[in-house]
Amino acid sequence: MFMPIVLLPIAYVKLENPMLPLIYFKECDVNQIVKTMKQRGIEPNVVTYNSLIDGYCQQNQFIEARVVFDTMVSNGCTPDEVTYNILIKLYCKNKRIDDAKQLFKDITPSIVTYTSMIHGLCQAGRLLDGRDLFNNMPCIGPSPNIATYGSLIHGFCKHGDFDAGLALFHEMEKSMLKPNCEIYSSLIDGLCKAGKFKDAKDLFNRFLIQGLQPDAQTYNILINGTCKEGLLDKAYQVYRKMIEDGCSPHSCTYNVIIQGFLKHNELLGAKQLIEEMRDKGFCADATTLSLVADVLSSDDGTMRKLLDLKDKGSVELPLIVKLIVFLVIPAYQVCFTLMVSSLSNKFKLVYSEEIETEPKEAALISMGTEVDLMKILRTL
(Lines give C-alpha, C1' and ligand atoms only; values in the text may rest on other atoms or scores of the structure.)
Protein backbone atom coordinates (compact mmCIF):
# COMPACT_ATOMS: atom_id res chain seq x y z
CA MET A 1 0.00 0.00 0.00
CA PHE A 2 1.33 3.42 -0.94
CA MET A 3 2.31 5.52 2.04
CA PRO A 4 2.43 9.28 1.42
CA ILE A 5 5.73 10.83 2.42
CA VAL A 6 5.53 14.13 4.24
CA LEU A 7 8.44 16.54 4.66
CA LEU A 8 8.23 17.99 8.11
CA PRO A 9 9.67 21.45 8.79
CA ILE A 10 12.90 21.49 10.78
CA ALA A 11 12.16 24.85 12.42
CA TYR A 12 9.91 24.87 15.44
CA VAL A 13 6.18 25.15 14.99
CA LYS A 14 4.48 28.29 16.22
CA LEU A 15 1.16 27.21 17.63
CA GLU A 16 -2.04 29.16 18.19
CA ASN A 17 -1.92 28.11 21.83
CA PRO A 18 1.41 29.35 23.27
CA MET A 19 1.09 26.87 26.14
CA LEU A 20 1.45 23.92 23.78
CA PRO A 21 4.97 22.49 23.63
CA LEU A 22 7.33 23.36 20.79
CA ILE A 23 8.20 20.30 18.75
CA TYR A 24 11.13 19.76 16.40
CA PHE A 25 10.87 17.47 13.39
CA LYS A 26 13.05 16.11 10.65
CA GLU A 27 12.28 14.59 7.26
CA CYS A 28 10.08 11.56 7.81
CA ASP A 29 6.58 10.24 7.14
CA VAL A 30 3.78 10.84 9.60
CA ASN A 31 2.98 7.19 10.22
CA GLN A 32 6.61 6.52 11.11
CA ILE A 33 6.57 9.36 13.65
CA VAL A 34 3.41 7.96 15.23
CA LYS A 35 4.86 4.43 15.28
CA THR A 36 8.10 5.63 16.89
CA MET A 37 6.21 7.56 19.56
CA LYS A 38 4.11 4.52 20.43
CA GLN A 39 7.21 2.31 20.63
CA ARG A 40 8.58 4.71 23.21
CA GLY A 41 5.41 4.65 25.24
CA ILE A 42 4.14 8.02 24.07
CA GLU A 43 0.62 8.00 22.71
CA PRO A 44 0.13 10.78 20.08
CA ASN A 45 -2.75 13.02 21.04
CA VAL A 46 -4.58 15.95 19.50
CA VAL A 47 -1.76 18.32 20.52
CA THR A 48 0.75 16.18 18.62
CA TYR A 49 -1.27 16.17 15.43
CA ASN A 50 -2.16 19.87 15.73
CA SER A 51 1.54 20.65 16.03
CA LEU A 52 2.27 18.71 12.83
CA ILE A 53 -0.62 20.31 10.95
CA ASP A 54 0.28 23.80 12.12
CA GLY A 55 3.88 23.31 11.05
CA TYR A 56 2.77 22.50 7.51
CA CYS A 57 0.32 25.39 7.50
CA GLN A 58 3.10 27.80 8.33
CA GLN A 59 4.93 26.44 5.28
CA ASN A 60 1.72 26.84 3.24
CA GLN A 61 1.70 23.11 2.46
CA PHE A 62 -2.01 22.33 2.56
CA ILE A 63 -1.76 18.90 0.91
CA GLU A 64 0.69 17.66 3.54
CA ALA A 65 -1.40 19.22 6.31
CA ARG A 66 -4.45 17.35 5.06
CA VAL A 67 -2.48 14.07 5.03
CA VAL A 68 -1.70 14.58 8.73
CA PHE A 69 -5.38 15.35 9.40
CA ASP A 70 -6.49 12.16 7.67
CA THR A 71 -3.84 10.14 9.54
CA MET A 72 -5.07 11.65 12.77
CA VAL A 73 -8.65 10.54 12.10
CA SER A 74 -7.67 7.07 10.89
CA ASN A 75 -5.68 6.54 14.09
CA GLY A 76 -8.75 7.27 16.21
CA CYS A 77 -7.73 10.73 17.42
CA THR A 78 -10.65 13.16 17.28
CA PRO A 79 -9.79 16.61 15.85
CA ASP A 80 -10.68 19.52 18.10
CA GLU A 81 -11.59 23.14 17.38
CA VAL A 82 -7.94 24.14 17.06
CA THR A 83 -7.41 21.49 14.37
CA TYR A 84 -10.28 22.78 12.27
CA ASN A 85 -9.35 26.43 12.76
CA ILE A 86 -5.79 25.78 11.57
CA LEU A 87 -6.97 24.00 8.42
CA ILE A 88 -9.75 26.47 7.64
CA LYS A 89 -7.29 29.36 7.81
CA LEU A 90 -4.93 27.49 5.49
CA TYR A 91 -7.63 26.65 2.94
CA CYS A 92 -8.92 30.22 2.97
CA LYS A 93 -5.40 31.59 2.53
CA ASN A 94 -5.05 29.46 -0.61
CA LYS A 95 -8.53 30.43 -1.81
CA ARG A 96 -9.79 26.84 -1.49
CA ILE A 97 -13.04 28.18 -0.12
CA ASP A 98 -15.19 25.13 -0.86
CA ASP A 99 -12.77 22.91 1.10
CA ALA A 100 -12.86 25.39 3.97
CA LYS A 101 -16.66 25.50 3.93
CA GLN A 102 -16.84 21.71 4.06
CA LEU A 103 -14.68 21.67 7.20
CA PHE A 104 -16.78 24.51 8.61
CA LYS A 105 -19.93 22.38 8.26
CA ASP A 106 -18.33 19.46 10.12
CA ILE A 107 -18.07 21.29 13.45
CA THR A 108 -19.90 23.61 15.77
CA PRO A 109 -17.93 26.75 14.89
CA SER A 110 -16.60 29.12 17.54
CA ILE A 111 -16.12 32.85 17.12
CA VAL A 112 -12.55 32.17 15.94
CA THR A 113 -13.83 29.76 13.29
CA TYR A 114 -16.49 32.20 12.08
CA THR A 115 -13.95 35.01 11.87
CA SER A 116 -11.47 32.86 9.95
CA MET A 117 -14.16 31.78 7.50
CA ILE A 118 -15.45 35.33 6.96
CA HIS A 119 -11.92 36.61 6.50
CA GLY A 120 -11.23 33.90 3.90
CA LEU A 121 -14.43 34.64 1.98
CA CYS A 122 -13.61 38.35 1.86
CA GLN A 123 -10.04 37.69 0.75
CA ALA A 124 -11.41 35.59 -2.11
CA GLY A 125 -13.76 38.41 -3.12
CA ARG A 126 -16.88 36.57 -2.00
CA LEU A 127 -18.21 39.49 0.03
CA LEU A 128 -21.87 38.56 -0.18
CA ASP A 129 -21.13 35.08 1.17
CA GLY A 130 -19.10 36.66 3.95
CA ARG A 131 -21.91 39.07 4.78
CA ASP A 132 -24.50 36.26 4.77
CA LEU A 133 -22.42 34.18 7.16
CA PHE A 134 -21.93 37.27 9.34
CA ASN A 135 -25.68 37.98 9.40
CA ASN A 136 -26.48 34.39 10.41
CA MET A 137 -24.11 34.41 13.37
CA PRO A 138 -26.53 35.76 16.01
CA CYS A 139 -29.13 33.14 14.99
CA ILE A 140 -27.01 29.99 14.93
CA GLY A 141 -23.72 30.88 16.56
CA PRO A 142 -21.82 33.38 18.69
CA SER A 143 -22.23 37.13 18.31
CA PRO A 144 -19.63 38.89 16.15
CA ASN A 145 -16.70 40.42 18.00
CA ILE A 146 -14.23 43.16 17.03
CA ALA A 147 -12.11 40.80 14.93
CA THR A 148 -15.18 39.55 13.03
CA TYR A 149 -16.33 43.08 12.22
CA GLY A 150 -12.77 44.00 11.32
CA SER A 151 -12.44 41.14 8.81
CA LEU A 152 -15.64 42.10 7.02
CA ILE A 153 -14.95 45.86 7.06
CA HIS A 154 -11.46 45.29 5.69
CA GLY A 155 -12.91 43.06 2.97
CA PHE A 156 -15.45 45.66 1.86
CA CYS A 157 -12.87 48.46 1.85
CA LYS A 158 -10.32 46.35 -0.04
CA HIS A 159 -12.85 45.68 -2.80
CA GLY A 160 -14.07 49.27 -3.02
CA ASP A 161 -17.41 49.04 -1.21
CA PHE A 162 -16.69 51.81 1.30
CA ASP A 163 -20.35 52.55 2.03
CA ALA A 164 -20.87 48.96 3.21
CA GLY A 165 -17.71 49.23 5.32
CA LEU A 166 -18.90 52.44 6.97
CA ALA A 167 -22.36 50.96 7.56
CA LEU A 168 -20.75 48.04 9.40
CA PHE A 169 -18.61 50.49 11.33
CA HIS A 170 -21.70 52.33 12.59
CA GLU A 171 -23.49 49.03 13.28
CA MET A 172 -20.51 47.95 15.33
CA GLU A 173 -20.63 51.11 17.43
CA LYS A 174 -24.33 50.60 18.11
CA SER A 175 -23.58 47.11 19.39
CA MET A 176 -21.28 48.69 22.02
CA LEU A 177 -18.12 47.33 20.40
CA LYS A 178 -15.27 49.82 20.17
CA PRO A 179 -13.47 49.83 16.79
CA ASN A 180 -9.73 49.29 17.07
CA CYS A 181 -6.79 50.81 15.22
CA GLU A 182 -6.89 48.24 12.41
CA ILE A 183 -10.55 48.96 11.63
CA TYR A 184 -10.00 52.72 11.54
CA SER A 185 -6.96 52.20 9.30
CA SER A 186 -8.96 50.06 6.84
CA LEU A 187 -11.69 52.69 6.59
CA ILE A 188 -9.27 55.62 6.29
CA ASP A 189 -7.36 53.77 3.58
CA GLY A 190 -10.56 53.03 1.69
CA LEU A 191 -11.76 56.63 1.89
CA CYS A 192 -8.38 57.96 0.74
CA LYS A 193 -8.36 55.59 -2.25
CA ALA A 194 -11.86 56.80 -3.13
CA GLY A 195 -10.63 60.41 -3.10
CA LYS A 196 -12.73 61.25 -0.04
CA PHE A 197 -9.95 62.97 1.84
CA LYS A 198 -12.22 65.14 4.00
CA ASP A 199 -14.15 62.08 5.21
CA ALA A 200 -10.85 60.28 5.85
CA LYS A 201 -9.51 63.21 7.88
CA ASP A 202 -12.78 63.49 9.85
CA LEU A 203 -12.58 59.77 10.66
CA PHE A 204 -8.94 60.18 11.69
CA ASN A 205 -9.92 63.01 14.07
CA ARG A 206 -12.71 60.86 15.46
CA PHE A 207 -10.12 58.15 15.97
CA LEU A 208 -8.09 60.53 18.12
CA ILE A 209 -11.13 61.70 20.08
CA GLN A 210 -11.84 58.07 21.01
CA GLY A 211 -8.50 58.04 22.80
CA LEU A 212 -6.86 55.59 20.42
CA GLN A 213 -3.23 56.02 19.40
CA PRO A 214 -2.63 55.71 15.65
CA ASP A 215 0.27 53.50 14.66
CA ALA A 216 2.76 54.13 11.85
CA GLN A 217 0.57 52.29 9.35
CA THR A 218 -2.39 54.59 10.01
CA TYR A 219 -0.25 57.70 9.61
CA ASN A 220 1.33 56.29 6.44
CA ILE A 221 -2.11 55.64 4.95
CA LEU A 222 -3.22 59.23 5.61
CA ILE A 223 0.07 60.69 4.35
CA ASN A 224 -0.18 58.61 1.17
CA GLY A 225 -3.79 59.65 0.60
CA THR A 226 -3.10 63.37 1.02
CA CYS A 227 -0.06 63.17 -1.24
CA LYS A 228 -2.08 61.53 -4.01
CA GLU A 229 -4.57 64.40 -3.76
CA GLY A 230 -1.70 66.86 -4.15
CA LEU A 231 -2.29 68.22 -0.64
CA LEU A 232 1.39 68.27 0.26
CA ASP A 233 1.06 70.84 3.05
CA LYS A 234 -1.52 68.66 4.76
CA ALA A 235 0.61 65.57 4.20
CA TYR A 236 3.54 67.29 5.85
CA GLN A 237 1.28 68.36 8.75
CA VAL A 238 0.27 64.73 9.29
CA TYR A 239 3.95 63.74 9.16
CA ARG A 240 4.87 66.34 11.80
CA LYS A 241 1.91 65.35 13.99
CA MET A 242 3.06 61.76 13.77
CA ILE A 243 6.42 62.77 15.24
CA GLU A 244 4.84 65.06 17.87
CA ASP A 245 2.56 62.22 19.02
CA GLY A 246 5.58 60.02 19.67
CA CYS A 247 5.05 57.71 16.68
CA SER A 248 8.43 57.36 14.98
CA PRO A 249 8.44 57.44 11.17
CA HIS A 250 10.11 54.47 9.54
CA SER A 251 11.44 53.71 6.08
CA CYS A 252 7.97 53.31 4.54
CA THR A 253 6.85 56.69 5.95
CA TYR A 254 9.78 58.55 4.42
CA ASN A 255 9.49 56.84 1.06
CA VAL A 256 5.74 57.50 0.84
CA ILE A 257 5.99 61.23 1.56
CA ILE A 258 9.17 61.76 -0.49
CA GLN A 259 7.52 60.07 -3.47
CA GLY A 260 4.49 62.36 -3.04
CA PHE A 261 6.65 65.47 -3.07
CA LEU A 262 8.68 64.27 -6.07
CA LYS A 263 5.59 63.40 -8.11
CA HIS A 264 4.31 66.95 -7.62
CA ASN A 265 7.74 68.47 -8.32
CA GLU A 266 8.15 69.92 -4.82
CA LEU A 267 11.91 69.53 -4.91
CA LEU A 268 12.83 71.64 -1.87
CA GLY A 269 10.45 69.67 0.34
CA ALA A 270 11.67 66.38 -1.11
CA LYS A 271 15.28 67.39 -0.49
CA GLN A 272 14.57 68.21 3.16
CA LEU A 273 12.78 64.91 3.70
CA ILE A 274 15.55 62.96 1.97
CA GLU A 275 18.08 64.49 4.35
CA GLU A 276 15.91 63.62 7.35
CA MET A 277 15.56 60.07 6.06
CA ARG A 278 19.33 59.71 5.68
CA ASP A 279 19.99 61.22 9.11
CA LYS A 280 17.65 58.63 10.67
CA GLY A 281 19.53 55.80 8.94
CA PHE A 282 16.77 54.85 6.50
CA CYS A 283 17.25 54.39 2.78
CA ALA A 284 15.29 54.98 -0.39
CA ASP A 285 13.39 52.12 -1.96
CA ALA A 286 13.44 51.32 -5.68
CA THR A 287 10.45 53.58 -6.46
CA THR A 288 11.98 56.60 -4.71
CA LEU A 289 15.31 56.02 -6.45
CA SER A 290 13.59 55.84 -9.83
CA LEU A 291 11.62 59.04 -9.18
CA VAL A 292 14.73 60.97 -8.12
CA ALA A 293 16.55 59.64 -11.18
CA ASP A 294 13.68 60.80 -13.41
CA VAL A 295 13.79 64.29 -11.89
CA LEU A 296 17.56 64.47 -12.26
CA SER A 297 17.38 63.47 -15.91
CA SER A 298 14.64 65.93 -16.81
CA ASP A 299 15.11 69.12 -14.74
CA ASP A 300 17.53 71.98 -15.22
CA GLY A 301 20.00 70.77 -12.63
CA THR A 302 18.12 72.14 -9.61
CA MET A 303 17.69 68.75 -7.96
CA ARG A 304 21.29 67.83 -8.57
CA LYS A 305 22.40 71.01 -6.84
CA LEU A 306 19.92 70.49 -3.98
CA LEU A 307 21.25 66.99 -3.35
CA ASP A 308 24.82 68.17 -3.75
CA LEU A 309 25.51 65.61 -6.44
CA LYS A 310 28.02 67.77 -8.29
CA ASP A 311 31.30 66.09 -9.22
CA LYS A 312 33.98 66.15 -6.59
CA GLY A 313 37.64 65.75 -7.37
CA SER A 314 38.79 64.21 -10.61
CA VAL A 315 36.59 61.09 -10.53
CA GLU A 316 33.67 61.25 -12.96
CA LEU A 317 31.00 58.94 -11.58
CA PRO A 318 27.82 58.17 -13.51
CA LEU A 319 24.87 60.01 -12.03
CA ILE A 320 23.05 56.82 -11.02
CA VAL A 321 26.04 55.74 -8.94
CA LYS A 322 26.14 59.08 -7.13
CA LEU A 323 22.42 58.75 -6.53
CA ILE A 324 22.76 55.28 -5.04
CA VAL A 325 25.64 56.40 -2.84
CA PHE A 326 23.58 59.33 -1.61
CA LEU A 327 20.19 57.65 -1.11
CA VAL A 328 20.97 54.03 -0.31
CA ILE A 329 24.47 53.47 0.99
CA PRO A 330 24.21 55.61 4.19
CA ALA A 331 21.72 53.14 5.63
CA TYR A 332 23.99 50.15 5.06
CA GLN A 333 26.96 49.56 7.30
CA VAL A 334 28.88 47.98 4.47
CA CYS A 335 32.50 48.68 3.61
CA PHE A 336 32.79 48.67 -0.17
CA THR A 337 34.59 50.19 -3.13
CA LEU A 338 32.77 51.56 -6.13
CA MET A 339 34.44 50.66 -9.42
CA VAL A 340 33.07 52.42 -12.46
CA SER A 341 33.80 51.86 -16.11
CA SER A 342 33.45 55.15 -17.98
CA LEU A 343 33.40 53.33 -21.33
CA SER A 344 30.47 51.01 -20.72
CA ASN A 345 28.81 53.27 -18.11
CA LYS A 346 28.24 50.18 -15.98
CA PHE A 347 29.36 49.55 -12.46
CA LYS A 348 29.85 46.82 -9.96
CA LEU A 349 30.02 46.71 -6.19
CA VAL A 350 33.12 45.22 -4.62
CA TYR A 351 32.37 44.31 -1.01
CA SER A 352 34.78 43.95 1.86
CA GLU A 353 35.80 40.43 2.87
CA GLU A 354 33.34 40.43 5.74
CA ILE A 355 30.35 40.68 3.40
CA GLU A 356 29.55 37.45 1.61
CA THR A 357 27.59 38.83 -1.33
CA GLU A 358 28.27 38.25 -5.02
CA PRO A 359 29.01 41.58 -6.80
CA LYS A 360 27.38 40.28 -9.98
CA GLU A 361 23.98 40.32 -8.29
CA ALA A 362 24.04 44.14 -8.62
CA ALA A 363 21.78 44.54 -5.61
CA LEU A 364 22.01 45.87 -2.10
CA ILE A 365 20.24 43.77 0.49
CA SER A 366 19.63 44.79 4.10
CA MET A 367 16.91 44.43 6.69
CA GLY A 368 14.88 42.31 4.28
CA THR A 369 14.81 45.07 1.64
CA GLU A 370 16.26 44.60 -1.82
CA VAL A 371 16.96 47.46 -4.17
CA ASP A 372 17.42 46.14 -7.69
CA LEU A 373 19.92 48.55 -9.20
CA MET A 374 19.75 47.07 -12.68
CA LYS A 375 16.00 47.65 -12.75
CA ILE A 376 16.62 51.28 -11.89
CA LEU A 377 19.24 51.57 -14.60
CA ARG A 378 16.76 50.29 -17.18
CA THR A 379 14.29 53.06 -16.25
CA LEU A 380 16.75 55.85 -17.02
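Scroll up a little and you will see the structure.
Parameters and conventions
- Sequence order sets the numbering: in each chain, residues are counted from 1 along the sequence as written.
- Confidence filtering applies because this is a predicted model: local features only for residues at pLDDT of at least 70, side-chain atom pairs given and counted only at 80 or more, and all residues used for totals across whole chains, interfaces and linings.
- Values reported for side chains reflect all heavy atoms of the structure, with hydrogen atoms and water molecules removed beforehand.
- Numbering of helices and strands runs from the N terminus, with a helix taken as a DSSP run of H or I at least four residues long and a strand as a DSSP run of E at least two residues long.
- Classification of residues uses two cut-offs on accessible area relative to the type maximum, computed with a 1.4 Å probe and protein chains only: under 20% is buried, over 50% is exposed, and between them is partly exposed.
- Multiplying 1.5 Å by the residue count of a helix minus one yields the expected span of that helix.
- The directions considered for the arc run from the helix axis to the C-beta atoms.
- Residues count as neighbours in contact if any of their non-hydrogen atoms are within 4.5 Å of one another.
- Buried residues of nine kinds, namely Ala, Val, Leu, Ile, Met, Phe, Trp, Tyr and Cys, make up a nonpolar core once their side-chain atoms join them within 4.5 Å.

**Q** How would you summarise unusual backbone geometry if you had to cite specific residues and measurements?
**A** You will see that K95, though not glycine, has its phi angle at about 60°, which is positive. Along the chain, the position of K95 falls in the loop between α4 (81–93) and α5 (97–105). A relative accessible area of 54% means that K95 is categorised as exposed. Despite not being glycine, M176 has its phi angle at roughly 70°, a positive value. Position of M176 among the secondary structure elements: in the loop between α9 (162–174) and α10 (181–193). By relative accessible area, M176 is classed as exposed at 73%.

**Q** I'd like a rundown of helix α11 (residues 197–209), residues and numbers included.
**A** Between its first and last C-alpha, α11 extends 18 Å over 13 residues, near the 18 Å set by a 1.5 Å rise per residue. Here α11 has its buried residues at F197, A200, L203, F204 and F207. Looking down the long axis of α11, one finds its buried residues gathered within 125° of arc, a one-sided arrangement. Of the exposed residues in α11, the ones pointing more than 90 degrees away from its buried face are K198 and I209. For α11, the secondary structure elements touched by its buried residues are α9, α10, α12 (216–228) and α13 (232–244).

**Q** Break down the nonpolar core for me, citing the residues and quoting the values.
**A** Ranked by internal contacts, the top residues of the largest apolar core, which has 87 residues, are I53 and M117. The contact partners of I53, leaving out residues within four places of it in the chain, are A65, V68, F69, M72, T83, I86 and L87.

**Q** Could you give an account of the environment of V82, with specific residues and numbers?
**A** Within the secondary structure, V82 is located in helix α4. Considered as a pair, V82 and T113 are 31 residues apart in the sequence and their alpha carbons are 9.0 Å apart.

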